[in-house]
Amino acid sequence: MKKQAVSEALEILEATYPSAESELDFTNSFECLVATMLSAQCTDQRVNLITATLFKEIKGPEDVVQLSEEELQQKIRSCNYYKTKSKHLLAACQQLLAQHNGFIPNNREALMALPGVGRKTANVVLSNAFGVPALAVDTHVFRVSNRLGLVRAGDPLETEQQLMKTVPRDKWSAAHHWLILHGRRVCHARKPNCISCPLNHLCPTFTVSKQ
């Protein structure tokens, strides 16, 4: 996609989703980290139901480490892969206490060193909790950005790297939310609603589909 088309696409996305933000519920960096870890392969709505109760009981890593793995499992049982997530969350909180005095680090390397935290989760926390420009690539961002021609990438890391070159730095965090919402509401994985898409005149996938 040419530079002028990229600018137009971003303007349309911003106008379409002017108040786009994370759909996870959290009030601080610790809650942001926990909610994001739980959201892997699980809907934001389900995570919010879980954390509505969980965050009344745990206020920081020091509360989590008081629980056994089995006790934590019961608190997040309705979350997909709850056993693995319980193990990672408990280990991450132990590491936060041992290495960061219980605080959530605000750099990618330290975040990714925590058990269960990959690049996407680290970028989400940096962006949403600390206001650091970052482009987290989930399945929606990967699908939509490739379909639109914003990138031509074969994996999330390559997608992130190309988007960082294509999208102005001050738009990184917002663009992440715009692409997610567009993927959820219009550019669905199986049956994208191309006819009503405000970007269809720019989208090479739509052009091909009309021929």
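Worth saying up front: this structure is predicted, and the values here are computed from it rather than measured.

### Concerning the nonpolar core
Part 1: Ranked by size, the top nonpolar core spans 32 residues in total, and within it Leu33, Leu38, Val64 and Leu111 carry the most contacts.
Part 2: Elements supplying a minimum of two residues to this core: α2 (29–38), α3 (44–57), α6 (82–100) and α8 (119–130).
Part 3: With seven residues, α2 is the largest single contributor of residues to this core.
Part 4: Sequence-distant contacts of Val64, that is, excluding residues within four places in its chain, are made with Phe30, Ile58, Leu72, Leu89, Leu90 and Cys93.
Part 5: Ranked by size, the runner-up nonpolar core spans 30 residues in total, among them Val144, Leu148, Leu163 and Trp172.

### Describing the domain arrangement of the protein
Part 1: Once the domains are mapped, the protein shows domain 1 (3–20 + 135–202) and domain 2 (29–130).
Part 2: Each partner contributes residues to the interface: domain 1 has 10 residues there, and domain 2 has eight residues.
Part 3: Per-residue buried area on domain 1 facing domain 2 is highest for Ala136, Glu160 and Arg184; these three make up 46% of the total on that side.
Part 4: Between Asp44 and Arg184 there is a salt bridge; the shortest N-O distance is 3.0 Å.
Part 5: Inspection of the region where domain 1 meets domain 2 yields five residue pairs in polar contact (both at pLDDT 80 or more).
Part 6: Contributing elements (two or more residues each) for the side of domain 1 that touches domain 2: α10 (156–166) and α11 (172–185).

### Things to note about the UniProt feature "binding site: [4Fe-4S] cluster" (unreviewed entry) in the protein
Part 1: According to UniProt, the "binding site: [4Fe-4S] cluster" (unreviewed entry) feature falls on Cys187, Cys194, Cys197 and Cys203. What stands out for the annotated residues spanning 17 residues is how close their C-alpha atoms remain, the widest pair being 11.1 Å apart.
Part 2: Topologically, Cys187 is positioned in the loop between α11 and α12 (204–210).
Part 3: Judged by relative accessible area, which is 11%, Cys187 ranks as buried.
Part 4: Other than its neighbours up to four places away in sequence, Cys187 contacts Arg143, Val144, Arg147, His182 and Pro192.
Part 5: Within the fold, Cys203 resides in the loop between α11 and α12.
Part 6: Each residue touching Cys203, except ones within four places of it in the same chain, is listed here: Arg147 and Leu148.

### With respect to the packing of helix α9 (residues 139–148) against α10
Part 1: In the contact formed by α9 and α10, the axes pass within 10 Å of each other and the chain directions differ by 60°. Comparing their axes, α10 and α9 come out oblique. Helix-helix and strand crossings are classified by hand; for α9 and α10 the assignment is left-handed. Across the interface between the two elements, Val141, Phe142, Ser145 and Asn146 of α9 pack against Pro156, Thr159 and Leu163 of α10.
Part 2: Tallied by class, residues from the contact of α9 with α10 come to four nonpolar, three polar and no charged.

### Considerations on α9
Part 1: The buried count for α9 comes to seven of 10 residues, which makes it a mostly enclosed element.
Part 2: Two or three places before His140, at the start of α9, stands the capping residue Asp138, its side-chain oxygen 3.1 Å from that residue's backbone nitrogen.
Part 3: Once α9 finishes, Gly149 follows within two positions and takes phi at roughly 85°, a positive value.

### A closer look at unusual backbone geometry
Part 1: With a phi angle near 60°, Gln41 is a residue other than glycine that sits in the positive phi range.
Part 2: You can see Gln41 is positioned in the loop between α2 and α3.
Part 3: With relative accessibility at 59%, the residue Gln41 sits in the exposed group.
Part 4: Even without being a glycine, Tyr81 presents a positive backbone phi close to 55°.
Part 5: Take Tyr81: its relative accessible area is 56%, and that puts it in the exposed class.

### Quick look at the pattern of salt bridges
Part 1: Scanning the entire structure with this criterion turns up six salt bridges.
Part 2: One salt bridge connects Glu14 with Lys171, and the closest N-O pair in it is separated by 3.2 Å. One end of the pair, Glu14, is in helix α1 (residues 3–16); the other, Lys171, is in the loop between α10 and α11, and 157 residues separate them in sequence.
Part 3: The class of Glu14 is partly exposed, set by a relative accessible area of 34%.
Part 4: Salt-bridge contacts for Arg184 lead to Glu23; the nearest nitrogen and oxygen are separated by 2.4 Å. Placement of Arg184 in helix α11 and of Glu23 in the loop between α1 and α2 is noted, with a sequence separation of 161 residues between them.

Thresholds applied
- For every chain, the first residue of the written sequence is number 1, and numbering continues from 1 onward in sequence order.
- Only residues with pLDDT of at least 70 get local features here, since the model is predicted, and only at 80 or more are side-chain atom pairs given and counted; chain-wide, interface and lining totals rely on the full set of residues.
- Excluding hydrogens and water, the side-chain values take into account all heavy atoms of the structure.
- For this analysis, a nonpolar core means a set of buried residues of the types Ala, Val, Leu, Ile, Met, Phe, Trp, Tyr and Cys, connected via side-chain atoms within 4.5 Å.
- When a residue's accessible area, from a 1.4 Å probe over protein chains only, is under 20% of the maximum for its type it is buried; when over 50% it is exposed; and in between it is partly exposed.
- Numbering goes from the N terminus for both helices and strands, where a helix is a DSSP run of H or I of at least four residues and a strand is a run of E of at least two.
- The contact criterion used is simple: two residues touch if any of their non-hydrogen atoms lie within 4.5 Å.
- Residue ranges labeled as domains rest on an automatic or database domain assignment.
- By buried area we mean how much accessible surface two parts lose on assembly, using a 1.4 Å probe and totalling the loss over both.
- What counts as a salt bridge is simple: a side-chain nitrogen of Lys or Arg found within 4 Å of a carboxyl oxygen of Asp or Glu.
- Nitrogen and oxygen atoms within 3.5 Å of one another constitute a polar contact, given that in protein one can donate a hydrogen and the other can accept it, and given that sequence-neighbouring residues count only through two side-chain atoms.
- UniProt positions are given in the numbering used here, feature names are shortened, and annotations may be inferred rather than shown by experiment.
- To get an axis, fit a line to the C-alpha atoms, keeping to the stretch in contact for a helix; angles then go from 0 to 180 degrees between the N-to-C directions.
- Every angle not falling under 35 degrees, over 145, or within 65 to 115 is termed oblique; those three ranges are roughly parallel, roughly antiparallel and roughly perpendicular.
- Should the near helix be turned anticlockwise from the far one by less than a right angle, the crossing is left-handed, and should it be turned clockwise, the crossing is right-handed.
- Gly is placed with the polar residues, together with every amino acid not listed as nonpolar (Ala, Val, Leu, Ile, Met, Phe, Trp, Tyr, Cys and Pro) or charged (Asp, Glu, Lys and Arg).

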